[in-house]
Amino acid sequence: MTRWPDTPTAVVLAVHGSLHLEMYQDAEDLVSGHPQYARHFAVGEFFAVHPGTACTLKSSAGGLQVLAVTEPEPVPSGLLSFAEHGAVTQRVHRTLKEICAARVGGAR
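Remember, it's a predicted structure, so these values are computed and weren't measured experimentally.

Q: It is not clear to me how the overall build of the protein chain should be interpreted in this structure. Could you clarify?
A: For the protein chain, the helix and strand inventory stands at two helices and seven strands. Secondary structure elements of the protein chain occur, N-terminal to C-terminal, as β-β-β-α-β-β-β-β-α. Of the contacts formed within the protein chain by residues at least 6 apart in sequence, a portion of 75% connects residues at least 24 apart. On the protein chain, roughly 8000 Å² of surface is accessible, and the fraction owed to carbon and sulfur atoms is 61%.

Pasting the structure below:
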């Protein structure tokens, strides 16, 4: 397993195969291999990783994951308008439909 890179908040979605996640409370636990939390994720399951989280991820052979990462943004001065919320939701929906329609591996 390899250490998860330091990134902003990220969500990982298993699209093909499976994943094994281990999260560690501190660097000593990571070095000694004693995770505080461990779980397998099947196709269609996802998890979030927040900045500063020490974790490792191992994918099954031929596994495919989608990683969605957010960039830090300034705190908005108010709530999103209905139009802004709708635009973001539509963009996410289109992206997920494109991901689901993409072929994985060889031709079927």
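Q: Would you explain a nonpolar patch on the surface in this entry?
A: A cluster of nonpolar side chains, contributed by Val88, Val92 and Leu96, occupies part of the molecular surface with about 220 Å² of accessible area. Mapping Val92 onto the fold places it in helix H2 (residues 82-101). A residue is classified by how much of its surface remains accessible, and Val92, at 44% relative accessible area, is partly exposed.

Q: I'm lost on the pattern of salt bridges in this one. Help?
A: Opposite charge on two side chains lets them pair, provided their charged atoms get close. Taken as a whole and judged by the stated rule, the model has one salt bridge. Where Arg39 meets Glu45, a salt bridge forms, and the shortest distance between an N and an O atom there is 3.3 Å. Relative accessible area serves as the criterion here: at 34%, Arg39 is assigned to the partly exposed category. Taking relative accessible area as the criterion, Glu45 reaches 29% and is therefore assigned partly exposed.

Q: I keep staring at the packing of aromatic side chains and nothing clicks. Help me out?
A: Two numbers describe a pair of aromatic rings. These are the distance of the centres and the angle of the planes. Applying the stated criterion across every chain yields a total of one aromatic pair. For the ring pair Phe41 and Phe47, a centre distance of 4.9 Å and an interplane angle of 40° mean the geometry is tilted. The two residues Phe41 and Phe47 agree in class, both being buried.

Q: Teacher, can you tell me more about the environment of Phe47 here?
A: Inspection of the secondary structure puts Phe47 in strand S5 (residues 46-49). For Phe47, the residues in contact, after removing those within four places along its chain, are Ala10, Val11, Val12, Leu19, Leu21, Phe41 and Leu57.

Q: Is there a simple way to explain the sheet that holds strand S7 (residues 64-69) in this structure?
A: Consider a sheet: its strands pair through backbone hydrogen bonds, and that pairing is either parallel or antiparallel. Pairing in this open sheet of three strands is antiparallel, and the strands run S5-S2-S7 from one edge to the other. In this open sheet, the two edge strands, each paired with only one partner strand, are S5 and S7. The average undirected angle you get between the axes of adjacent strands in this sheet is 20°.

What counts as what
Residues numbered from 1 in each chain as written. Predicted model: local features only at pLDDT ≥ 70, side-chain atom pairs only at ≥ 80, totals over all residues. Heavy atoms only, no water. Helix = DSSP H or I, 4+ residues; strand = E, 2+ residues; numbered from the N terminus. Contact = heavy atoms within 4.5 Å. Areas by Shrake-Rupley, 256 points an atom, 1.4 Å probe, with all protein chains shown as cover. Patch = residues over 30% accessible without salt bridge, like charges linked within 9 Å, V, L, I, M, F, W, Y side chains within 5 Å. Salt bridge = Lys/Arg side-chain N within 4 Å of Asp/Glu carboxyl O. Buried < 20%, exposed > 50% of the residue type's maximum accessible area, 1.4 Å probe, protein only. Phe/Tyr/Trp six-rings, centres within 6.5 Å; stacked < 30°, edge-to-face > 60°. Pairing = 2+ DSSP bridges. Axes fitted to C-alpha atoms, helices over the stretch in contact; angles between N-to-C directions.

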